[in-house]
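Architecture and fold: a report
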Amino acid sequence: GLFVTLFQHGRASFGHQLFRGVMSCSFSIFFAGLFYGTARMLRKLEGKKIERKLTTSALQDLNSLYMTSYVCIVLAILSWVSDNAFCDQLQNLPFGIPYIHTHSWWHLFTTLCLYAMGLTLEFAWRLIVNGGKQPVLVDTFAFLPYPTTKSPKHRRG
């Protein structure tokens, strides 16, 4: 976007496509590293379950957050790919079916992925540093969970 703004090139220009490719590759490398590192940390925590006195429910909550993040990024990628590959067809659906705005879904699922991954990392951090006090997931507004080590009023589950 910055390249196009600075040099006034259209979407079909070589420069635009080049920078779009660089952006897509760097984004992919970032997410692959984030997911790999988090999965590795989860496996290490599971391996130290007895030593750290971790409860099965805490590890299940942690894995659930990680899988939520993973599913969201897969849905985001599918939305982005379908938007890029089938944009013209999706904007001209038969029988008056409205355009489903797959690019918007990309942003929504990416945001949900990052929120779930942030929760995963915070939950894991609380497991590691809180001296055996297990975090629990608490719901806010009935759909936005967060981890806490305090006595929750509305425990998730």
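As shown above, the structure is provided for reference.
One structure accompanies this document, and this report is about it. Here the structure is a predicted model, which means the values were calculated and not measured.

1. Comments concerning the overall build of the chain
Helix and strand content of the chain: four helices and two strands. Out of the 157 residues belonging to the chain, those deemed buried represent 30%. Surface exposure of the chain reaches about 10,500 Å², of which carbon and sulfur atoms provide 67%.

2. Some points on the packing of aromatic side chains
In the structure shown here, the tally under the stated rule is eight aromatic pairs. Residues F27 and F31 carry aromatic rings whose centres are separated by 4.5 Å and whose planes lie at 50 degrees to one another, so their mutual orientation is tilted. Here the residue F27 and the residue F31 both occupy positions in helix 2 (residues 14-47), the gap between them amounting to four residues, near one helical turn. The structure contains a cluster of three or more aromatic residues connected by ring pairs, namely F27, F30, F31, F35, Y66, Y70, W80 and W106.

3. Structural notes on a nonpolar patch on the surface
On the surface, M67, Y70, V71, V74, L75 and L78 cluster together into a nonpolar patch covering about 510 Å² of accessible area. Mapped onto the elements of the fold, L78 is located in helix 3 (residues 56-91).

4. Focus on helix 2
With 34 residues, helix 2 extends 49 Å from end C-alpha to end C-alpha; this agrees with the ideal 50 Å at 1.5 Å per step. Those residues of helix 2 that sit buried are G15, H16, F31, L34, F35, T38, A39, L42 and L45.

5. So, the nonpolar core
Nonpolar side chains tend to gather and get buried jointly when the protein is soluble and globular. Core analysis: the largest hydrophobic core is formed by 24 residues, its most contacted members being F35, L45, L62, F123 and L127. Of all the secondary structure elements, the ones that give two or more residues to this core are helix 2, helix 3 and helix 4 (102-129). Setting aside chain neighbours within four positions, we find F123 in contact with A58, D61, L62, L65, P135, V136, L137 and P147.

6. Notes on the pattern of salt bridges
Taken as a whole and assessed by the stated rule, the structure comprises one salt bridge. Two residues, R126 and E122, come together in a salt bridge whose shortest N-O distance is 3.0 Å. On the criterion of helical spacing, the pair formed by R126 and E122 is a turn pair, its members being four residues apart in helix 4. With a relative accessible area of 17%, R126 lands in the buried category.

7. Considering the side chain of T102
Following the sequence through the fold, T102 ends up in helix 4. Taking relative accessible area as the criterion, T102 reaches 5% and is therefore assigned buried. Setting aside its immediate chain neighbours within four residues, T102 contacts S79, S82, D83 and L90.

8. What to know about the side chain of D83
Structurally, D83 can be placed in helix 3. Here D83 falls in the buried class, since its relative accessible area comes to 10%.

9. Some details on unusual backbone geometry
Of note in this structure, F95 is not a glycine but carries a positive phi near 60 degrees. Mapped onto the secondary structure, F95 falls in the loop between helix 3 and helix 4. For H101, which is not glycine, the phi dihedral falls at a positive 50 degrees. Considering the arrangement of structural elements, one finds H101 in the loop between helix 3 and helix 4.

10. Some points on the environment of D61
Tracing the backbone through its elements, the reader meets D61 in helix 3. Taking relative accessible area as the criterion, D61 reaches 18% and is therefore assigned buried. For the pair D61 and L137, spaced 76 residues apart in the sequence, the C-alpha separation amounts to 7.4 Å.

Rules and cut-offs
- Residues numbered from 1 in each chain as written.
- Predicted model: local features only at pLDDT ≥ 70, side-chain atom pairs only at ≥ 80, totals over all residues.
- Heavy atoms only, no water.
- Helix = DSSP H or I, 4+ residues; strand = E, 2+ residues; numbered from the N terminus.
- Buried < 20%, exposed > 50% of the residue type's maximum accessible area, 1.4 Å probe, protein only.
- Areas by Shrake-Rupley, 256 points an atom, 1.4 Å probe, with all protein chains shown as cover.
- Phe/Tyr/Trp six-rings, centres within 6.5 Å; stacked < 30°, edge-to-face > 60°.
- Patch = residues over 30% accessible without salt bridge, like charges linked within 9 Å, V, L, I, M, F, W, Y side chains within 5 Å.
- Salt bridge = Lys/Arg side-chain N within 4 Å of Asp/Glu carboxyl O.
- Expected span 1.5 Å × (residues − 1).
- Core = buried A, V, L, I, M, F, W, Y, C linked by side-chain atoms within 4.5 Å.
- Contact = heavy atoms within 4.5 Å.

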